[in-house]
Amino acid sequence: MNKDIYDMRFDGSEEDLKLQDFISRAEPVNCSNERLTARIYEKIQADKICHNRKRWRIVAAVAVTLMTCSMWLALNIAQKQLVTTPQPTAHKQVQTSVMQEINVPTGHTLQLTLPDGTRLTANSRTQIRYAKPFDKHTRHLYLKGEAYFEVAHEANRPFVVHAQGFDVKVLGTHFCVNSYNKKQCNVVLAEGRVEVNTALNDKVNLQPNDCLNITQGEFASKTKVNATAYVDRLKGVLPMEGMPLTDVVNYLENYYGVNFQVESTLCNETLYGKLVTGAPLADVLTSLCNISGAVAEVKKGVVTIKKKSTAKAPTTHQTTNTQLQKV
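Keep in mind the model is a prediction, meaning the values are calculated, not measured.

Caption draft 1: A look at the overall build of the chain. Across its full length, the chain holds seven helices and 20 strands. The burial tally for the chain puts 33% of its 327 residues in the buried class. A fraction of 44% describes how many contacts in the chain between residues 6 or more apart in sequence connect residues 24 or more apart.

This is the structure we're talking about:
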């Protein structure tokens, strides 16, 4: 190609002179085709190397990003597991409650101090259950029988006695609960203030010397009494002070665990005096008969209280005492 260009003939016209000058400037002089080819090859290789470096930089950047994301995800999952899984600590121990159960033997009473400092006296055949230690929000105690409570005052943690069909809630006071049988229960307040709730969500507040009678989980009546007489029961003495004979017999039935029957003509009989309940049942019945003018007979494990006039002879009373000692 170069040879053909230089073999061209130009005249002295202005156009030919411009064409000749352009060709001479555009066509490299003394340039080897091999050298030019080699230079072009070197340039291509350099461009490839530069391109590869850029590509590896991109690959490396992507890899670092992926590794960073993976590490962040792993750390995040581990942190969540640490939050949701309770970790044991060396300085803090979890305190668990253990349910305590106490059964008072027949003919005995029991004095007990609870974990919060509350003192109670439980009567014969009384069952008590409570958690040791008490719950941090409420002090719960379950009662079947009779007990006198002197509750330690805690304004932010009420004391609740769960009886048969009703609850007694206090913050700190003295009171008696009789809950041997659902048919006849009562709560007597000695001092302070108590709240009594039934399973039907009925509520009654008591004042000192109030006696609330509860039948089958329902409020039956509220009367004024001498609270000291109810407290004395837990000391082994039953002050009758005009109690109906049927109420006295009901108390003895719960205390000794023996079935009683009262002749219908004696049901409304009121009694005065005191019975020492810590004595054997035979001795207590002897005292009861002397006070009431009645006699007690035992037949098939049932104690029947009758008018003395209906009994046949003194031998009946003697036989009764012998039989009562076996009950």
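Caption draft 2: Focus on the packing of helix 5 (residues 245-256) against helix 6 (residues 281-292). Orientation of helix 5 relative to helix 6, taken along the N-to-C sense of each, is 175°, at an axis distance of 12 Å. The orientation of helix 5 relative to helix 6 falls into the category roughly antiparallel. Where helix 5 approaches helix 6, its residues L245, V248, L252 and Y256 are matched on the opposing element by L281, V284 and L288. Looking at the contact of helix 5 with helix 6 residue by residue, the class counts come to seven nonpolar, no polar and no charged.

Caption draft 3: Summary view of the pattern of salt bridges. This structure, assessed with the given rule, holds eight salt bridges. The shortest N-O distance in the salt bridge between E150 and R119 comes to 2.7 Å. Of this pair, E150 sits in strand 5 (residues 139-150) while R119 is found in strand 3 (residues 119-122), placing the two residues 31 residues apart along the sequence. Between D232 and K235 there is a salt bridge whose closest N-O contact spans 3.9 Å. Three or more residues joined by partner-sharing salt bridges are found here, namely D116, R139, E154 and R157.

Caption draft 4: Up close: the packing of aromatic side chains. Tallying each qualifying case throughout the model produces six aromatic pairs. Here the aromatic rings of Y130 and F134 are separated by 6.0 Å at their centres, their planes lie at 50°, and the arrangement is tilted. Neither Y130 nor F134 differs from the other in exposure class; each is buried. Chaining the aromatic ring pairs together yields one cluster made of Y130, F134, F149, F159 and F175. R129 extends its terminal NZ or CZ atom over the ring of Y142, reaching a point 4.8 Å from the ring centre.

Caption draft 5: Summary view of the sheet that holds strand 16 (residues 259-262). Taken in spatial order, the three strands line up as 16-20-19 in an open sheet, and their pairing is mixed. Each edge of the open sheet carries a strand with a single partner, namely strand 16 and strand 19 (294-299). On average, adjacent strands in this sheet sit at an angle of 25° to one another, irrespective of strand direction. Note: strand 16 against strand 20 (residues 302-307), four bridges, orientation parallel. Across the sheet, the residue bridging to N259 is V302, located in strand 20. Most of the contacts of helix 5 go to strand 16, to which it runs at about 170°, and overall it touches strand 16 and strand 20.

Caption draft 6: Spatial organisation of the layout of surface pockets. Taken as a whole, the largest pocket encloses approximately 390 Å³ of empty space. Looking at the largest pocket, it is lined by 20 residues, and the ones nearest its centre are N186, Y230, R233, M243 and D247. Counting residues per element, the ones that place at least two in the lining of the largest pocket are strand 9 (184-191), strand 12 (210-215), helix 4 (227-233), strand 15 (243-244) and helix 5. A per-class count over the lining of the largest pocket returns nine nonpolar, eight polar and three charged. Mapped onto the lining of the second largest pocket, the elements with two or more residues apiece are strand 8 (174-181) and helix 5. Among the elements that make up the lining of the second largest pocket, the one with the highest residue count is helix 5 (three residues).

Caption draft 7: The side chain of H162, seen in detail. Looking at the element boundaries, H162 is found in strand 6 (residues 159-162). The contacts of H162, once residues within four sequence positions are left out, are H140, L141, Y142, L143 and D167.

The rules behind the values
- Residues numbered from 1 in each chain as written.
- Predicted model: local features only at pLDDT ≥ 70, side-chain atom pairs only at ≥ 80, totals over all residues.
- Heavy atoms only, no water.
- Helix = DSSP H or I, 4+ residues; strand = E, 2+ residues; numbered from the N terminus.
- Buried < 20%, exposed > 50% of the residue type's maximum accessible area, 1.4 Å probe, protein only.
- Contact = heavy atoms within 4.5 Å.
- Axes fitted to C-alpha atoms, helices over the stretch in contact; angles between N-to-C directions.
- Parallel < 35°, antiparallel > 145°, perpendicular 65-115°, else oblique.
- Nonpolar A, V, L, I, M, F, W, Y, C, P; charged D, E, K, R; others polar.
- Salt bridge = Lys/Arg side-chain N within 4 Å of Asp/Glu carboxyl O.
- Phe/Tyr/Trp six-rings, centres within 6.5 Å; stacked < 30°, edge-to-face > 60°.
- Lys NZ or Arg CZ within 6 Å of the ring centre and 35° of its normal.
- Pairing = 2+ DSSP bridges.
- 1 Å grid on protein atoms, 1.4 Å probe; cavity = no way out; pocket = protein on both sides within 12 Å on 5 of 7 lines; lining within 4 Å.
- Points joined across faces, edges and corners; volume = space filled by probe spheres on them.

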